[in-house]
Amino acid sequence: MFRSALISQCTRRSGALMKRSQTLTTTSALHKTSLKSDHNLMKSPQILVSNVFHKRNPNPVVISRSSYASEANLPKHSRVVLPALSPTMELGTIISWEKKEGDALHEGDLLAEIETDKATMGFETPEEGFLARILVAAGTKDVPIGKLLCIIVETESDIQAFKDYVDTSEAVKSAKPSAPSKASAPSAPKPSTAAPPQPMATKSTVSSVGIGGRLFASPLARRLAAEKGIDLTALSGAGSGPGGRIRGADVLSAPIGVSGGPRALEFTDIVLTNMRQTIAKRLLQSKQTIPHYYLTVELEIDELLRLRTQLNEMLSKEKIKLSLNDFIIKASSLACMKVPEANSAWMETFIRQYTSVDVSVAVSTDAGLITPIVFNADRKGVKEISQEIKQLAVKAREGRLQPNEFMGGTFTISNLGMYGINSFSAVINPPQSCILAVGGTDKRIVPDSDGNRRVASFMTVTLSCDHRVVDGAVGAQWLQAFRQYIEKPFSMVL
């Protein structure tokens, strides 16, 4: 009987173990299927959409698609994030939305206007569908690259599912603690941390006058107090002279705070634009990392002025007026072809020498300085250069320049002559190696070949060079070539 009971118990345990084994086998199979499915999802969450910006934006936009039920069973949708609209862009500002929630979207439609570190650019719709949700409102500043901007769905019936959608991705969580102050960037920082020192309370507690309201202080003490901004009434009664008279030594040894510190100044804090921040960063980098040196020459421009007058008379019917800067651009490009070392760039491990000359021309705008480019200036006539630079200047001041119109360049010109500046030294625009600073013109009396005197017009230019790329002798050779083209302008046609 005991043996029979033991056999029965062993049989029951064996059956239980077999059932458990089958359960584990089924669970393992399901787990492998789940892992395989997750792996496929991980391989396809991002779709690279290229060539959607055409000339407006050469950079592709990364769109994240979600077609699974991990976000509260939301329908299939596309997450459009802020792309890098320029190579140096780190943050952007949403100027305006050209589409509103619920609108139909067609590929190439203007979706929003975004201010980068260089200009305001049009952000085009990356794909067709319907705009279900806008997650970053117009006017928001300092939006980091990768921030979710909006949601696009394929069918209009799916819009309602995103009515109360809130972005909970890691990008949003990580952006908040890193830049808490940037969320309130539209309001200028308060100067509470730099408040002027307050006067000491000793004024109301120390007797400040003598008999009849007279303050007893030596002439030296009065003079020192006036120079240091110290109120003598705060030292009244504490002087070391007879009867408490204030002496010069008392003023010199007055405790800190008696003077009341500097006068409180009225000021207004101006919020930095993305362009101004980029300008500050690049100029600081240039002066800290590039060994500048400067070469200055004076050029006689009488023949150039006569040629300009003649050409303007010929072009008057076409309503084209050539400027002195147009000839300077042309002469600079030809000098770069003659001395190619000046048309080079420092690339850390090598020097890149360009075969064509793309001249960057500094243009001042309300937002800051920007340098639109005249491409292949060495192959263009002065008339074509004049028309092109006028169009670029207008677009720059209106904030409509595209990255391909200001990014790059092999040589830069900055002209302050129209502001009455005789000469100045410009900061090199990295990775370029040279920049030409053009001053104004003035008239001087000089001797001529017959020994008589005549009045001549002169222009001062200064070439800033990167000594890592352009040696002093090479910079001098470039200025010699430039002088030839300016003082003998007919040689530009040879």
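This structure is a prediction, so every number in the text was calculated from the model and none was measured.

*Asks:* Got a sec to walk through the UniProt feature "domain: Peripheral subunit-binding (PSBD)" (unreviewed entry) in the protein? Specific residues and values, please.
*Replies:* As annotated by UniProt and renumbered to match this structure, "domain: Peripheral subunit-binding (PSBD)" (unreviewed entry) occupies residues 216-255. In this annotation, residues 216-255 is assigned 38% helix and 0% strand; the end-to-end C-alpha distance for the span is 19 Å.

*Asks:* Residues and numbers for the packing of helix H7 (residues 324-338) against helix H8 (residues 382-397), please.
*Replies:* Following both chains from N to C, one finds H7 and H8 inclined at 115°, their axes separated by 9 Å at the closest point. Taken as axis vectors, H7 and H8 run roughly perpendicular relative to one another. As for the relative orientation of H7 and H8, their crossing is right-handed in sense. Residues Asp326, Phe327, Ile329 and Lys330 of H7 touch H8, and the partners they reach there are Val382, Ile385, Ser386, Ile389 and Lys390. When the residues that make up the contact of H7 with H8 are grouped by side-chain class, the tally is five nonpolar, one polar and three charged.

*Asks:* Which residues make up helix H5 (residues 274-289), and what values go with them?
*Replies:* Its 16 residues give H5 an end-to-end C-alpha distance of 22 Å, which sits within 8% of 22 Å, the value for a rise of 1.5 Å per residue. By the burial criterion, the buried members of H5 are Asn274, Met275, Thr278, Ile279 and Ser286. The buried residues of H5 occupy an angular sector of 130° when the element is viewed end-on, so they sit on one face. Looking at the buried side of H5, the elements it contacts are strand E4 (91-97), strand E6 (110-115), strand E11 (292-300) and strand E16 (369-370).

*Asks:* Help me get a handle on the environment of Glu101, residues and values and all.
*Replies:* Following the sequence through the fold, Glu101 ends up in the loop between E4 and strand E5 (104-105). Considering only alpha carbons, one finds Glu101 and Lys163, 62 residues apart in sequence, at a separation of 9.4 Å. Once residues within four sequence positions are removed from consideration, Glu101 is found in contact with Leu131, Ala132, Arg133 and Ile134. Of note is the side chain of Glu101, whose polar atom sits 2.9 Å from the backbone nitrogen of Ile134.

*Asks:* With reference to specific residues and values, describe the pattern of salt bridges.
*Replies:* Scanning all chains against the criterion turns up 16 salt bridges. With its nearest N and O atoms 3.8 Å apart, the salt bridge here joins Lys76 to Glu154. Of this pair, Lys76 sits in the loop between strand E2 (61-66) and strand E3 (77-81) while Glu154 sits in the loop between strand E10 (148-153) and helix H2 (170-178), placing them 78 residues apart in sequence. Looking at Lys76, the relative accessible area reads 41%, which means it is partly exposed. Overall, the relative accessible area of 45% leaves Glu154 in the partly exposed class.

*Asks:* Would you mind going over the sheet that holds strand E19 (residues 434-447) in detail, with residue names and values included?
*Replies:* Sheet strands pair by backbone hydrogen bonding; their relative direction is either parallel or antiparallel. Taking strand neighbours across the sheet as the criterion, the six strands line up as E11-E20-E19-E18-E14-E17 in an open arrangement whose pairing is mixed. Two strands close off the open sheet at either side, each with one partner strand: E11 and strand E17 (373-374). Of the strands in this sheet, E11 and strand E20 (453-466) are in contact with helix H6 (residues 302-314), which crosses E20 at around 100°.

*Asks:* Just give me the short version of the nonpolar core, but keep the residues and values in it.
*Replies:* Core analysis: the largest hydrophobic core is formed by 55 residues, its most contacted members being Ile328, Leu436, Met459, Val461, Trp478, Phe482 and Ile486. With eight residues, H7 is the single largest residue contributor to this core. If we ignore the near neighbours within four places in the chain, the residues touching Phe482 are Leu299, Ile328, Ala331, Ser332, Ala335, Leu436 and Val461. One finds Leu82, Leu85, Trp97 and Met121 within the second-largest nonpolar core, a separate group that totals 19 residues.

*Asks:* Can you lay out H6 for me, pointing to particular residues and giving the numbers?
*Replies:* An ideal rise of 1.5 Å per residue puts 18 Å on 13 residues; H6 measures up with 19 Å between its terminal C-alpha atoms. For H6, the set of buried residues is Asp302, Leu304 and Asn312. What you see down the axis of H6 is that its buried residues fit within an arc of 160°, all on one side. Turned more than 90 degrees away from the buried face of H6, the exposed residues are Glu313 and Met314. Tucked into the core, H6 has its buried residues touching E11, H7, E20 and helix H10 (472-487).

*Asks:* With reference to specific residues and values, describe the sheet that holds strand E9 (residues 143-144).
*Replies:* One open sheet holds the four strands; their spatial order is E7-E6-E4-E9, and the pairing between them is antiparallel. Sheet topology places strand E7 (120-124) and E9 at the edges, where each strand pairs with a single neighbour. Bridging between E4 and E6 involves four bridges; their strand directions are antiparallel. Within E6, the position partnered with Ile94 by the bridge is Ile114.

*Asks:* Give a description of a nonpolar patch on the surface that names residues and reports values.
*Replies:* Together, Met418, Tyr419 and Ile421 give the surface a local cluster of nonpolar side chains, amounting to about 340 Å² of exposed area. Mapped onto the elements of the fold, Tyr419 is located in the loop between strand E18 (411-415) and E19.

*Asks:* Any chance you could break down the pairing of E20 for me, citing the residues and the numbers?
*Replies:* Of all 14 residues in E20, 11 are buried; the element is thus mostly enclosed. When E11 meets E20, the two strands line up antiparallel, connected through nine bridges. Paired with Glu298 across the strands is Thr460, a residue of E20. As judged from the 12 bridges shared by E19 and E20, these two strands associate in the antiparallel manner. Looking at the pairing, Ala437 lines up with Thr462 of E20. As consecutive antiparallel partners, E19 and E20 are separated by five residues, and within that stretch Gly451 has a phi angle of approximately 85°, a positive value.

*Asks:* Before we move on, could you go through the packing of aromatic side chains and cite the residues and values that matter?
*Replies:* With the rule as written, the count across this model stands at three aromatic pairs. Between Phe411 and Trp478, the ring centres sit 5.1 Å apart and the planes meet at 25°, which makes this aromatic pair stacked. Of this pair, Phe411 sits in strand E18 while Trp478 sits in helix H10, and the two are 67 residues apart along the sequence. For Trp478, a relative accessible area of 0% corresponds to the buried category. Lying over the aromatic face of Phe458, Arg444 brings its terminal NZ or CZ to 5.0 Å of the ring centre.

Thresholds, definitions, all that
- Residues numbered from 1 in each chain as written.
- Predicted model: local features only at pLDDT ≥ 70, side-chain atom pairs only at ≥ 80, totals over all residues.
- Heavy atoms only, no water.
- UniProt positions renumbered as here; feature names shortened; annotations may be inferred.
- Helix = DSSP H or I, 4+ residues; strand = E, 2+ residues; numbered from the N terminus.
- Axes fitted to C-alpha atoms, helices over the stretch in contact; angles between N-to-C directions.
- Parallel < 35°, antiparallel > 145°, perpendicular 65-115°, else oblique.
- Left-handed = near helix turned anticlockwise from the far one by under 90°.
- Contact = heavy atoms within 4.5 Å.
- Nonpolar A, V, L, I, M, F, W, Y, C, P; charged D, E, K, R; others polar.
- Expected span 1.5 Å × (residues − 1).
- Buried < 20%, exposed > 50% of the residue type's maximum accessible area, 1.4 Å probe, protein only.
- Arc of directions from axis to C-beta.
- Polar contact = N/O pair within 3.5 Å; in protein donor to acceptor, adjacent residues only side chain to side chain.
- Salt bridge = Lys/Arg side-chain N within 4 Å of Asp/Glu carboxyl O.
- Pairing = 2+ DSSP bridges.
- Core = buried A, V, L, I, M, F, W, Y, C linked by side-chain atoms within 4.5 Å.
- Patch = residues over 30% accessible without salt bridge, like charges linked within 9 Å, V, L, I, M, F, W, Y side chains within 5 Å.
- Areas by Shrake-Rupley, 256 points an atom, 1.4 Å probe, with all protein chains shown as cover.
- Phe/Tyr/Trp six-rings, centres within 6.5 Å; stacked < 30°, edge-to-face > 60°.
- Lys NZ or Arg CZ within 6 Å of the ring centre and 35° of its normal.

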